[in-house]
Amino acid sequence: QVRLEESGGGLVQAGGSLRLSCAASGRTTMNAMAWFRQAPGKEREFVAGINWNGGITDYPDPVKGRFTISRDNAKNTMSLQMNSLKPEDTAVYYCTAAGSGFITRAMAAFRVWGQGTQVTVSS
């Protein structure tokens, strides 16, 4: 059974940076992983994805060029470096693991989720 736990969220001014971390208590080395976020009153949206060995990454346009996803399979961790943060980035950020090693944006493909970490970006 895989358990995921996010950390690193907080309050930052627009233009600032945060680095989120996701620690897994079970084995995720053969699974694609991703970050999603959900703002109040909004649906959960895909933020970044990474395949099983970290060789392929995927970003939607709102975060492309500002966010970087990475993983360390030896430590069973994943991170999200967020730069040039904007107020619209404010949300609860969740890490998640897919059922296969292939990268995907489909939320239904992810079965294990962390509890989330709050990111707040002020103007």
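Before reading on, note that the structure itself is shown above.
Residues numbered from 1 in each chain as written. Predicted model: local features only at pLDDT ≥ 70, side-chain atom pairs only at ≥ 80, totals over all residues. Heavy atoms only, no water.

Novice: Would you take a moment to explain the overall build of the protein chain for this structure?
Specialist: Helix and strand counts for the protein chain stand at zero helices and eleven strands. Helices and strands in the protein chain line up, N terminus first, as β-β-β-β-β-β-β-β-β-β-β. Over its C-alpha atoms the protein chain spans a radius of gyration of 13 Å, differing by no more than 12% from the 14 Å that the globule rule assigns to 123 residues. Looking at the protein chain as a whole, 44% of its 123 residues qualify as buried. Here the contacts in the protein chain between residues at least 6 apart in sequence split such that 59% fall between residues at least 24 apart. (Helix = DSSP H or I, 4+ residues; strand = E, 2+ residues; numbered from the N terminus. Rg over C-alpha atoms; globule rule 2.2 N^0.38 Å. Buried < 20%, exposed > 50% of the residue type's maximum accessible area, 1.4 Å probe, protein only. Contact = heavy atoms within 4.5 Å.)

Novice: Where do I start with the state of the cysteines in this structure?
Specialist: Each disulfide consists of one covalent bond between the sulfur atoms belonging to two cysteines. In the structure shown here, the tally under the stated rule is one disulfide. Each sulfur in the disulfide pair Cys22 and Cys95 lies 2.1 Å from the other. Taking the sign of the torsion about the S-S bond as the criterion, the disulfide between Cys22 and Cys95, at about 60°, is right-handed. Of this pair, Cys22 sits in strand β3 (residues 18-24) while Cys95 sits in strand β9 (residues 91-98); the two residues are 73 residues apart in sequence, bridging distant segments of the chain. (Disulfide = S-S within 2.5 Å.)

Novice: Sorry if this is basic, but what is going on with the packing of aromatic side chains here?
Specialist: Geometry of an aromatic ring pair is reported as the spacing of the ring centres plus the angle between the planes. Taken as a whole and assessed by the stated rule, the structure comprises five aromatic pairs. Between Phe36 and Phe110, the aromatic rings sit 5.5 Å apart at their centres with planes inclined by 70°, giving edge-to-face as the arrangement. Note that Phe36 is positioned in strand β4 (residues 33-38) and Phe110 in strand β10 (residues 110-113), a separation of 74 residues in sequence. The ring of Tyr94 carries Arg44 above its face, with NZ or CZ at 3.8 Å from the centroid. Sitting over the ring of Trp113, Arg44 keeps its end group 4.9 Å from the ring centre. (Phe/Tyr/Trp six-rings, centres within 6.5 Å; stacked < 30°, edge-to-face > 60°. Lys NZ or Arg CZ within 6 Å of the ring centre and 35° of its normal.)

Novice: When you look at empty space enclosed by the protein in this model, what are you seeing that I'm missing?
Specialist: Here the idea is plain: a probe the size of a water molecule rolls over the atoms and shows the empty space left. Under the counting rule described, the total for this entry stands at one cavity of 30 Å³ or more. Approximately 30 Å³ is the volume found for the largest cavity. As for the largest cavity, its lining consists of Cys22, Ala24, Thr28, Met33, Arg71, Asn73, Asn76, Thr77 and Met78. Taken together, the residues of the lining of the largest cavity break down into four nonpolar, four polar and one charged. (1 Å grid on protein atoms, 1.4 Å probe; cavity = no way out; pocket = protein on both sides within 12 Å on 5 of 7 lines; lining within 4 Å. Points joined across faces, edges and corners; volume = space filled by probe spheres on them. Nonpolar A, V, L, I, M, F, W, Y, C, P; charged D, E, K, R; others polar.)

Novice: Got a minute to help me understand the pairing of strand β11 (residues 117-122) in this structure?
Specialist: Because side chains alternate across β11, one face comprises the buried residues Thr117, Val119 and Val121, and the other comprises Gln118, Thr120 and Ser122, none of which is buried. The sheet contact formed by strand β2 (residues 10-13) and β11 spans four bridges and is parallel. Looking at β11, one finds that Gln13 is bridged to Ser122. (Pairing = 2+ DSSP bridges.)

Novice: So what exactly am I meant to see when it comes to the environment of Arg71 here?
Specialist: Counting through the fold element by element, Arg71 comes out in strand β7 (residues 67-72). The spatial distance from the C-alpha of Arg71 to the C-alpha of Cys95 is 12 Å, given a sequence separation of 24 residues. Once you skip the residues sitting within four places of it in the chain, Arg71 turns out to touch Thr28, Thr29, Asn31, Ala32, Met33, Ile50, Asn51, Trp52, Asn53, Gly54, Thr77 and Met78. Of note is the side chain of Arg71, whose polar atom sits 2.8 Å from the backbone oxygen of Asn31. (Polar contact = N/O pair within 3.5 Å; in protein donor to acceptor, adjacent residues only side chain to side chain.)

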